Amino acid sequence: MSDWNDFNNAQSPTFALIPKGTLVKVRMTIKPGGYNDPAQGWLHGWATRGDTGSVYLNAEFVVLQGEHARKKLWSLIGLSSTKGETWGQMGRGFIKGVLNSAYGLHPEDTSAAAQAGRCIESFGDLDGLVFVGKVDWEKDRDNEDKAVIKVPITADHPQYKELMGAAAPVPARGSLPPPAAQNPTAASASGRPAWAQ
């Protein structure tokens, strides 16, 4: 019998989590959830509404380089919760950090260019951004550990340049491609959403 008939001596599958605190360069992808709330400026189906009424962005992060290259992590970016404003404010802070990291913006930079770099026209503008993040662990629904990205690493961090290399240039306001060009499920956006103001 060949190895492809008898699997008794095959190695058992193992999956090692990326260690807590590891800094990784990742590409973020937003999985559209089909939820819209025009009053909030959440258009084009990027948001997801959960069973509890919470609204979030379903994000996947692919590590682009280093010993953990090609590994994937998943996190929810909070937009709103029936329990209060905390989760949504945490999500806004995370997105601000992602934009700072992706465009090489110092967190304390208040120049017009930096402020423009922290504005988006659609959640679709976040889809495909490359940034540096810090790995953490949290429990999944089965109470098992899973690796997540909760903290973006920005230009003021001593390892940022080494990990990020050249940051993406800050796009001129209005020069971003329409979301439909980035994701076939999205339509053209108009105006800045209320949550980003």
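Residues numbered from 1 in each chain as written. Predicted model: local features only at pLDDT ≥ 70, side-chain atom pairs only at ≥ 80, totals over all residues. Heavy atoms only, no water.

**Q** I'm lost on helix H1 (residues 86–103) in this one. Help?
**A** In an α-helix, one turn spans 3.6 residues, which is why side chains three or four residues apart end up on the same side. Here H1 contains 18 residues, and its C-alpha end-to-end distance of 26 Å stays within 8% of the 26 Å for a straight helix at 1.5 Å per residue. Among all positions of H1, only Gly88, Gly91, Phe94, Ile95, Gly97, Val98, Leu99, Asn100, Ser101, Ala102 and Tyr103 are buried. At the C-terminal side of H1, Gly104 shows a positive phi close to 70°. (Helix = DSSP H or I, 4+ residues; strand = E, 2+ residues; numbered from the N terminus. Expected span 1.5 Å × (residues − 1). Buried < 20%, exposed > 50% of the residue type's maximum accessible area, 1.4 Å probe, protein only.)

**Q** Would you mind going over the nonpolar core with me for this structure?
**A** Where a protein is soluble and globular, its nonpolar side chains tend to be buried together. Core analysis: the biggest nonpolar cluster contains 32 residues, and Met28, Leu57, Phe61, Leu126 and Phe131 have the highest contact counts within it. Broken down by secondary-structure element, the contributors of at least two residues to this core are strand E1 (23–31), strand E3 (42–49), strand E4 (55–63), strand E5 (72–80), H1, strand E6 (130–139) and strand E7 (145–153). The dominant element in this core, judged by the number of residues it contributes, is H1, at 6 residues. Other than its neighbours up to four places away in sequence, Phe61 contacts Val26, Arg27, Met28, Lys71, Lys72, Leu73, Ser75, Phe94, Phe131 and Ile149. Core analysis: the next-biggest nonpolar cluster, separate from the first, contains 7 residues, Val130, Val132, Tyr160 and Leu163 among them. (Core = buried A, V, L, I, M, F, W, Y, C linked by side-chain atoms within 4.5 Å. Contact = heavy atoms within 4.5 Å.)

**Q** What's the story with the side chain of Ser122 in this structure? I'm lost.
**A** Here Ser122 shows up in the loop between helix H2 (112–117) and E6. Separated by 2.9 Å, the side chain of Ser122 and the backbone nitrogen of Gly124 make a polar contact. (Polar contact = N/O pair within 3.5 Å; in protein donor to acceptor, adjacent residues only side chain to side chain.)

**Q** What is the right way to look at the pairing of E1 in this model?
**A** Put simply, side chains in a regular strand alternate between the two faces of the sheet. Sheet analysis places E1 next to E6, joined by 5 bridges and oriented antiparallel. Across the sheet, residue Lys25 finds its bridge partner in E6, namely Val132. Alignment of E1 against E4, held across 6 bridges, turns out to be antiparallel. Its bridge partner being in E4, Ile30 is matched across the sheet by Ala59. (Pairing = 2+ DSSP bridges.)

**Q** What is the right way to look at unusual backbone geometry in this model?
**A** What you tend to see is this: most non-glycine residues have negative phi, and most peptide bonds are trans. Positive phi, close to 70°, is recorded for His44, a residue that is not glycine. Take His44: it is sitting in strand E3. At Arg70, a position not held by glycine, the phi torsion is positive, near 80°. Among the structural elements, Arg70 can be located in the loop between E4 and E5. With a relative accessible area of 72%, Arg70 lands in the exposed category.

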